[in-house]
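Close look at the chain arrangement
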Amino acid sequence: MERLRNFGYLLKDLGRLYTRRFEERAEALQLTLPQCKALGHLSRNEGISQTRLAELAEIDPMSMVRILDYMQAEGWIERRADPHDRRARCLYVKDKARAILNEIWQLADETRMEFLGDLSEEECLRLIDMLERIHATARAIAAPPASGGAAAIAKDAKRAASASGSHPGSTP
């Protein structure tokens, strides 16, 4: 039981170390982590608004505007008028960004392989399965349903964990 007390520390520190290593690699491409996150999320959610992309990538909306301005100037993305809201713009990845996206995914693959290098493939799959289940539980706790209490939260967490073959919101 004593080792379980390290759970929060290990998650936090592992996230910090992984992020730092990814950022070191991204520097070689002259990209920042927020740029990689924005482009990665956009590639999976084309047609979304700037506001929604900022939420998905967990980037401050004003920072997101600057990131998108840069990407648009580089010819990586385009902003189109939203047919349902004349004030909003829908975002799309342009072909020029596809090569950059491939490099970002390669950096993510290299970083992940480096961190999981001491685990067998079976251990890696078990680890991901357990992390997805913990993640589903944490999300259910963070956003409890309007009614139903703890039983509903646990049920939602189990349903989300069993439904997730791969996490659609994963980023580099």
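Notes on the structure in this doc start here. Keep in mind it's a predicted model, so treat the numbers as computed, not measured.

Points about the nonpolar core
Phe22, Leu39, Met64, Trp76 and Ile77 are the most contacted members of the largest nonpolar core, which has 27 residues in total. A per-element tally of this core places helix α5 (residues 95–116) first, with six residues. Aside from chain neighbours lying at most four places away, what touches Trp76 is Leu31, Leu39, Tyr70, Met71, Tyr92, Val93, Lys94, Lys96, Ala97 and Ile100.

Section: unusual backbone geometry
One non-glycine residue, Gln30, adopts positive backbone phi at about 60 degrees. Looking at the element boundaries, Gln30 is found in the loop between α1 (7–27) and α2 (33–44). We classify Gln30 as exposed; its relative accessible area is 69%. Although it is not a glycine, Glu58 adopts a positive phi angle of roughly 55 degrees.

Observations regarding the pattern of salt bridges
As a working rule, side chains carrying opposite charge can pair if their charged atoms are close by. On inspection of all chains with the given rule, the structure shows 14 salt bridges. One salt bridge connects Arg25 with Glu110, and the closest N-O pair in it is separated by 3.5 Å. Here Arg25, found in helix α1, pairs with Glu110, found in helix α5; they are 85 residues apart in sequence, far enough to count as distant. Take Arg25: its relative accessible area is 16%, and that puts it in the buried class. Residue Asp69 is joined to Arg79 by a salt bridge in which the shortest nitrogen-to-oxygen separation is 2.9 Å. With Asp69 in helix α4 (residues 61–73) and Arg79 in strand β1 (residues 77–82), this residue pair connects regions lying ten residues apart in the sequence.

What counts and what doesn't
- Residues numbered from 1 in each chain as written.
- Predicted model: local features only at pLDDT ≥ 70, side-chain atom pairs only at ≥ 80, totals over all residues.
- Heavy atoms only, no water.
- Core = buried A, V, L, I, M, F, W, Y, C linked by side-chain atoms within 4.5 Å.
- Buried < 20%, exposed > 50% of the residue type's maximum accessible area, 1.4 Å probe, protein only.
- Helix = DSSP H or I, 4+ residues; strand = E, 2+ residues; numbered from the N terminus.
- Contact = heavy atoms within 4.5 Å.
- Salt bridge = Lys/Arg side-chain N within 4 Å of Asp/Glu carboxyl O.

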